[in-house]
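Residues per chain are reported as follows:
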Amino acid sequence: KAVVSTQSTGKGKQCQKWTAQSPHKHSRTETNYPDEGLGDHNYCRNPDNEEGGAWCYTTNPYQRWDYCGAPRCLDEEKYCWDGLQKSYRGPKQTTRKGKQCQKWTAQSPHKHSRTETNYPDAGLGDHNY
């Protein structure tokens, strides 16, 4: 699964929470797409295997969704993504707006279910990338 910590699109638009239905109603929910990393957050994900990679609904009522920025792989790059960003494991520790990411093992300030126990093959652990 892609561990993309950005909360904005490649064009800088703020992402809408996956649990929100405003300003854009949608069917990409945790219930409809279990184990795809959706939930009460606005991190970029790729639940439906979009060829362009991770994306999100935007909070802009005039732009429904957009792709998010994560580096594509070149031979010399170690942390990057190919294809659908399902296996992206980059060292990015801040959002595009410079906010520090919370460690996956921490439950504060944001309580979550994305733990190494619940997602053993997702690359989660005692780090914030």
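Attention in this report is confined to the structure presented alongside it. (Residues numbered from 1 in each chain as written. Predicted model: local features only at pLDDT ≥ 70, side-chain atom pairs only at ≥ 80, totals over all residues. Heavy atoms only, no water.)

1. Description of the nonpolar core
- Membership of the largest hydrophobic core is limited to nine residues, which are Cys-15, Trp-18, Leu-38, Cys-44, Ala-54, Trp-55, Cys-56, Tyr-57 and Cys-68.
- Setting aside anything within four residues of it in sequence, one finds Tyr-57 in contact with Gln-14, Cys-15, Gln-16, Trp-18, His-24, His-26, Arg-28, Arg-64 and Trp-65. (Core = buried A, V, L, I, M, F, W, Y, C linked by side-chain atoms within 4.5 Å. Buried < 20%, exposed > 50% of the residue type's maximum accessible area, 1.4 Å probe, protein only. Contact = heavy atoms within 4.5 Å.)

2. A short note on the packing of aromatic side chains
- Per the counting criterion, the structure on display carries five aromatic pairs.
- A centroid spacing of 5.8 Å and a plane angle of 70° characterise the contact between Trp-18 and Tyr-57, whose relative ring orientation is edge-to-face. Of this pair, Trp-18 sits in the segment before β1 (55-57) while Tyr-57 sits in strand β1, and the two are 39 residues apart along the sequence. Each member of the pair, Trp-18 together with Tyr-57, is buried.
- Between Trp-65 and Tyr-67, the ring centres sit 5.0 Å apart and the planes meet at 85°, which makes this aromatic pair edge-to-face. (Phe/Tyr/Trp six-rings, centres within 6.5 Å; stacked < 30°, edge-to-face > 60°. Helix = DSSP H or I, 4+ residues; strand = E, 2+ residues; numbered from the N terminus.)

3. Here's the deal with unusual backbone geometry
- Between Ser-22 and the following residue, Pro-23, the backbone shows a cis peptide bond with an omega angle of 10°.
- Structurally, Pro-23 is set in the segment before β1.
- The amide bond that connects Ser-108 to the next residue, Pro-109, takes the cis arrangement and shows omega of 10°.
- Inspection of the secondary structure puts Pro-109 in the segment after β2 (65-67).
- Backbone geometry at Asp-35 places phi at a positive 65°, although glycine is not the residue there.
- Mapped onto the fold, Asp-35 is located in the segment before β1.
- Its identity is not glycine, yet Asn-49 carries a phi of approximately 60°, on the positive side.

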